[in-house]
Amino acid sequence: MSDSGRVFRKLALNNAMANWRLHAAMAKLQPGEFEAPRTGFFPSLKATLNHILVIDWFYVDALEGGTLGPKAWENEVPFDDPATLYGAQRDIDRRLIDLCNTLGPVGLAQVIAVDRGSRVQHDRRDDVLSHLFQHQTHHRGQVHAMLAGTSVKPPQLDEFIVGDDADNRLDALKALGLSEDDVML
């Protein structure tokens, strides 16, 4: 029997571990590097990481059945410092993990409402989750590239999902209060 929610649970865990790694790198930046202008879709590490957060707020709220909608990005850069930003990111990552842990075939196939302000989008929850994970990966890649122009080496972000990667995720799991059993479900 197939477990249709398994891939989304793993992607939510991967998301949290990748965010932890990126934000751990942010903590090592020299003064001014977080805010410094950079080449990317958003003009700085600060702007890009805040964008990831506010869009996570938007989609996770909708996935949970909320109506936050565009209020999520009324303040496009709600956090000025990396530590406070990561605290908020960690909270929304936890909500996404908790949500994905509850989903089975019926919940994944359920059509949800996404309040876009001028209209309400209706799509399957699994499609919205796929879109959200793609969005996160896209912008984390930009942050990773931006880090290459700082004093901090970009961290490894792509070794979390398969069993053979266990040694590479121990630090992230420990920092997030997770275990190998959480990942290899």
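Use the structure listed above.
What counts, and at which threshold
- Residues numbered from 1 in each chain as written.
- Predicted model: local features only at pLDDT ≥ 70, side-chain atom pairs only at ≥ 80, totals over all residues.
- Heavy atoms only, no water.
- Salt bridge = Lys/Arg side-chain N within 4 Å of Asp/Glu carboxyl O.
- Buried < 20%, exposed > 50% of the residue type's maximum accessible area, 1.4 Å probe, protein only.
- Helix = DSSP H or I, 4+ residues; strand = E, 2+ residues; numbered from the N terminus.
- Core = buried A, V, L, I, M, F, W, Y, C linked by side-chain atoms within 4.5 Å.
- Contact = heavy atoms within 4.5 Å.
- Pairing = 2+ DSSP bridges.
- Phe/Tyr/Trp six-rings, centres within 6.5 Å; stacked < 30°, edge-to-face > 60°.
- Lys, Arg positive; Asp, Glu negative; His and termini not counted.

1. Focus: the pattern of salt bridges
Move 1: Considering all chains together, one arrives at seven salt bridges under this definition.
Move 2: Where aspartate 126 meets arginine 124, a salt bridge forms, and the shortest distance between an N and an O atom there is 2.6 Å.
Move 3: The exposure class assigned to arginine 124 is partly exposed, which follows from its relative accessible area of 36%.
Move 4: A salt bridge links arginine 169 to glutamate 180; the nearest nitrogen and oxygen atoms lie 2.4 Å apart. Taken together, the positions of arginine 169 in helix α6 (residues 166–176) and glutamate 180 in helix α7 (residues 180–183) put the pair 11 residues apart, joining distant regions of the chain.
Move 5: Arginine 169 sits in the buried class, given a relative accessible area of 0%.

2. Some points on the nonpolar core
Move 1: Ranked by internal contacts, the top residues of the largest apolar core, which has 52 residues, are Met17, Met26, Leu45, Leu63, Leu96, Leu129 and Leu147.
Move 2: Where this core is concerned, the elements lending two or more residues are α1 (6–26), α2 (45–63), α3 (82–102), β1 (111–115), α5 (125–147) and α6.
Move 3: For this core, the leading source of residues is α2, giving 11 residues.
Move 4: Setting aside its immediate chain neighbours within four residues, leucine 147 contacts Leu22, Ala25, Met26, Leu29, Leu45, Val152, Pro154 and Pro155.

3. Section: the side chain of asparagine 19
Move 1: By the element assignment, asparagine 19 lies in helix α1.
Move 2: Those residues within four positions of asparagine 19 in sequence are excluded, and the remaining contacts are Tyr86, Gln89, Asp93 and Arg140.

4. Some words on the pairing of strand β2 (residues 120–124)
Move 1: When β1 meets β2, the two strands line up antiparallel, connected through five bridges. Following the sheet pairing, aspartate 115 is matched in β2 by valine 120.
Move 2: Hairpin geometry of β1 and β2 is characterised by an intervening segment of four residues between the two adjacent antiparallel strands and by a positive phi of about 85° at glycine 117.

5. A word on the packing of aromatic side chains
Move 1: According to the stated counting rule, one finds four aromatic pairs in the structure shown.
Move 2: Arranged with centres 5.1 Å apart and planes meeting at 70°, the rings of phenylalanine 41 and phenylalanine 42 form a pair that is edge-to-face.
Move 3: Ring centres of phenylalanine 58 and tyrosine 59 lie 4.8 Å apart, and the angle between their planes is 75°; this geometry places the pair in the edge-to-face category. Assigned by exposure class, phenylalanine 58 and tyrosine 59 land together as buried.
Move 4: Aromatic ring contacts, followed pair by pair, group Phe58, Tyr59 and Trp73 into a single cluster.

6. Some points on the side chain of aspartate 93
Move 1: By the element assignment, aspartate 93 lies in helix α3.
Move 2: Buried charge without a salt bridge: aspartate 93, with arginine 140 as the nearest opposite-charge side chain at an N-O distance of 6.3 Å.

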